Amino acid sequence: MSLNAESTAFRSALEVIRAVEPRVADAIGAELADQRESLKLIASENYASPATLLAMGNWFSDKYAEGTVGRRFYAGCQNVDTVEALAAEHAKELFGAAHAYVQPHSGIDANLVAFWAILADRVESPALKKAQVRQVNDLTEADWFALRRELGNQRMLGMSLDAGGHLTHGFRPNISGKMFDQRSYGTDPATGLIDYDRVAEAAREFKPLILVAGYSAYPRKVNFRIMREIADSVGATFMVDMAHFAGLVAGKVFTGDFDPVPHAHIVTTTTHKSLRGPRGGMVLCGPELADQVDRGCPMVLGGPLPHVMAAKAVALAEARRPDFADYAQRIVDNAQALAEGLVRRGTKLVTGGTDNHLVLLDVSGYGLTGRQAEQALLDSGIVTNRNAVPQDPNGAWYTSGIRIGTPALTTRGLGVAEMDQTAELIHTVLSQTQAGSNADGTPSKAKYVLDPALADKISKQASELLTGFPLYPAVDLG
Ligand SMILES: *Cc1c(COP(=O)(O)O)cnc(C)c1O
């Protein structure tokens, strides 16, 4: 019997790798086996298609391609030009954007590109003006000093970390938090929702250069039309980081006021989360910021990764097909089914539910920290991650929340019936887990007690749940 193309391709690739370093081939094979067996509820992960994966393993990896399409600093980039132009074209068509920059290596890099583009566009600085017209040699020491001070002291207003914002939106562990004078808007303590009047008030008081919307752990839609009005009212540039929900925008689940592209001056994203492409990033913008965005490399990015741009072109072509819209809708249907299943069993959810791809559990009702819950679920074959909840009493390390998302399981084909069963498994584990104590008898935020037999039983049920939904069904590594 002859093998299908996917199996042949991956088997051959592993055979070639095995001849050089068998441990790498083994690890790659083990990774597929592990992914096939785990109930992956990590909201930021997905499974890229075989075509997307295969587009990354080739000679494009050998090319330097600094510059942009048709304007490279290296010779021989004609084929890189083809794939970069294709990826940008697909992105523009898919999202209705005037300009797409597909070189960023990750979401964080895409944000850096956007920040520098906005600074270069907006900061009133005679020194910067000189630098922009390439009279860098004319800048005096005093000019450079002024430039550093001007660029490094701008204001950014973004969503607070514990309300679901991202580190790159002005928080200290990221350069954005060291560079910008940052202030945050949170969510209403009673509803857990963004209070747009409060955002407007903060904007009026703080007068940011950049207003950032977007999140990693907010389970609701954001009204980008209102956010743009707020930005306009204070003269801020409005940036949306749609890293998590780009797939829902691509699949036309988020439209009108909830589609960031027509409302934002600049949009950044990852390509590997709900968008289901290769690990990478991307920036979309109008013509006004296009030139500055295209300076991303070498301004803040290392050399482009042509093999990943090739894979972006493949994945974006997939996202333009009608079945991707169906996939995006199923992601949300599944998240809502999971949320309803949990609420019915008494689990406390931040905002009480979801209208995107993620659900944020407040596990304090089970008497657990996020860390204890995350580990107990992992012992039971359920992969999630702990996450702070608004005003989290346990801080960002232990937390009181568990974030779960449905993009990955939806790719495998699980539906609302399986989501209810998943809710049952999660609730069973959490309600049967007890917080542990330290050697001196004080309560521990990390230790927990869970009967290993129960963890084992749930693990088996979790893998049974997956048996009807094979991951990469066409790939047989033999
Ligand atoms: C995941 C994420 C990022 C970072 O993406 P990386 O590819 O990990 O650098 C940035 N912003 C938001 C909102 C995210 O969720």
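Residues numbered from 1 in each chain as written. Predicted model: local features only at pLDDT ≥ 70, side-chain atom pairs only at ≥ 80, totals over all residues. Heavy atoms only, no water.

Engineer: Tell me what's going on with the domain arrangement of the protein, and back it up with residues and numbers.
Structural biologist: Per the domain assignment, the segments of the protein are domain 1 (59-122 + 153-319) and domain 2 (322-466). The gap between the C-alpha centroids of domain 1 and domain 2 is 29 Å. At the junction of the two partners, domain 1 supplies 27 residues and domain 2 supplies 27 residues. For the pair domain 1 and domain 2, the summed buried area comes to about 2,100 Å², and 58% of that belongs to carbon and sulfur atoms. There are one salt bridge connecting domain 1 and domain 2. The salt bridge partner of arginine 220 is aspartate 355, with a shortest N-O separation of 3.4 Å. Applying the counting criterion to the domain 1 and domain 2 interface returns 13 residue pairs in polar contact (both at pLDDT 80 or more). (Domains from an automatic or database assignment. Contact = heavy atoms within 4.5 Å. Buried area = accessible area lost by both parts, 1.4 Å probe. Salt bridge = Lys/Arg side-chain N within 4 Å of Asp/Glu carboxyl O. Polar contact = N/O pair within 3.5 Å; in protein donor to acceptor, adjacent residues only side chain to side chain.)

Engineer: Would you mind going over the packing of helix H1 (residues 5-18) against helix H2 (residues 22-37) in detail, with residue names and values included?
Structural biologist: Contact pair H1 / H2: the axes reach a minimum separation of 7 Å and the direction vectors enclose 150 degrees. If you check the angle between H1 and H2, you find them roughly antiparallel. The residues of H2 that touch H1, namely those facing Leu14, Ile17 and Arg18, are Pro22, Val24, Ala25, Asp26 and Ile28. (Axes fitted to C-alpha atoms, helices over the stretch in contact; angles between N-to-C directions. Helix = DSSP H or I, 4+ residues; strand = E, 2+ residues; numbered from the N terminus. Parallel < 35°, antiparallel > 145°, perpendicular 65-115°, else oblique.)

Engineer: Can you break down the side chain of asparagine 174 residue by residue, with the values?
Structural biologist: If you trace the backbone, asparagine 174 turns up in the loop between strand E5 (155-159) and helix H8 (175-179). Reaching out from asparagine 174, the side chain makes a polar contact with the side chain of serine 176 at a distance of 2.6 Å. The contact partners of asparagine 174, leaving out residues within four places of it in the chain, are Ile108, Leu167 and Thr168.

Engineer: Explain the environment of leucine 349 to me, using residue names and the numbers behind them.
Structural biologist: For leucine 349, the position within the fold is in strand E11 (residues 348-349). Each C-alpha atom of the pair leucine 349 and leucine 360 lies 5.7 Å from the other, and the pair is 11 residues apart in sequence.

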